[in-house]
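# What the coordinates show
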Amino acid sequence: MVGTGTDAVDWIQWEWKYTPGDFNGDGNVDIVDGSILLGHWLEVDCQADNDWCAGSDINCLSQVNLVDFASFTQYWLLSMF
Ligand SMILES: [Ca+2]
Ligand SMILES: [Ca+2]
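Below is a short write-up of the structure. (Residues numbered from 1 in each chain as written. Chains lettered and ligands numbered in written order. Predicted model: local features only at pLDDT ≥ 70, side-chain atom pairs only at ≥ 80, totals over all residues.)

## Quick look at the overall build of the chain
From N to C terminus, the chain includes four helices and zero strands. Ordered by position from N to C terminus, the α and β elements of the chain give α-α-α-α. In the chain, 27% of the contacts between residues at least 6 apart in sequence involve partners at least 24 apart. (Helix = DSSP H or I, 4+ residues; strand = E, 2+ residues; numbered from the N terminus. Contact = placed C-beta atoms within 7 Å.)

This is the structure we're talking about:
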């Protein structure tokens, strides 16, 4: 149910656990996540129901393209420092 206190707690817990670009949830942003993004490359049916193409549609605009790839490479580079 949207707008409940429970949702807010869930969102905070999700945000705390989530590492941008970590599509498989192992805590690292690496080539495995890159392969997941490439596996969804140019898909156009990304939506909440399919978890935005396993997270590969980073900007949640329904398709996986260069914008998402650029964001992913940024997260990957930042994870190295
Ligand atoms: Ca990962
Ligand atoms: Ca996208």
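## Quick notes on the nonpolar core
Listed in full, the eight residues of the largest apolar core are Phe23, Leu37, Cys46, Trp52, Cys53, Ile58, Val64 and Phe72. When near neighbours in sequence (up to four residues on either side) are disregarded, Leu37 contacts Phe23, Ser56, Val64, Asp68, Phe69 and Phe72. (Core = buried A, V, L, I, M, F, W, Y, C linked by C-beta atoms within 7 Å. Buried ≥ 20, exposed ≤ 12 C-beta atoms within 10 Å, placed from the backbone.)

## A closer look at the environment of Trp76
With respect to the helices and strands, Trp76 occurs in helix H4 (residues 66-79). Distance in space between the C-alpha atoms of Trp76 and Asp33 is 9.1 Å, their sequence separation being 43 residues. Excluding anything up to four places from it in sequence, Trp76 contacts Gly21, Val29 and Gly34.

## Considerations on the environment of Phe72
By the secondary structure assignment, Phe72 is in helix H4. Each C-alpha atom of the pair Phe72 and Phe23 lies 9.9 Å from the other, and the pair is 49 residues apart in sequence.

## Some details on unusual backbone geometry
In this structure, Cys53 is a non-glycine residue whose phi angle is positive, near 55°. Looking at the element boundaries, Cys53 is found in helix H3 (residues 51-54). Positive phi outside glycine occurs at Ala54, with the angle close to 60°. Relative to the helices and strands, Ala54 is located in helix H3.

## Quick word on the environment of Phe23
Relative to the elements of secondary structure, Phe23 occurs in the loop between helix H1 (5-17) and helix H2 (31-39). Judged by local crowding, Phe23 falls into the buried class, with 24 C-beta atoms found within 10 Å. Between the alpha carbons of Phe23 and Asp33 there is a distance of 5.5 Å; along the sequence they are 10 residues apart. Residue contacts for Phe23: discarding those within four places in its chain leaves Asp33, Ile36, Leu37, Ala54, Gly55 and Ser56.

Scope: geometric values only; no functional claims are made or implied.
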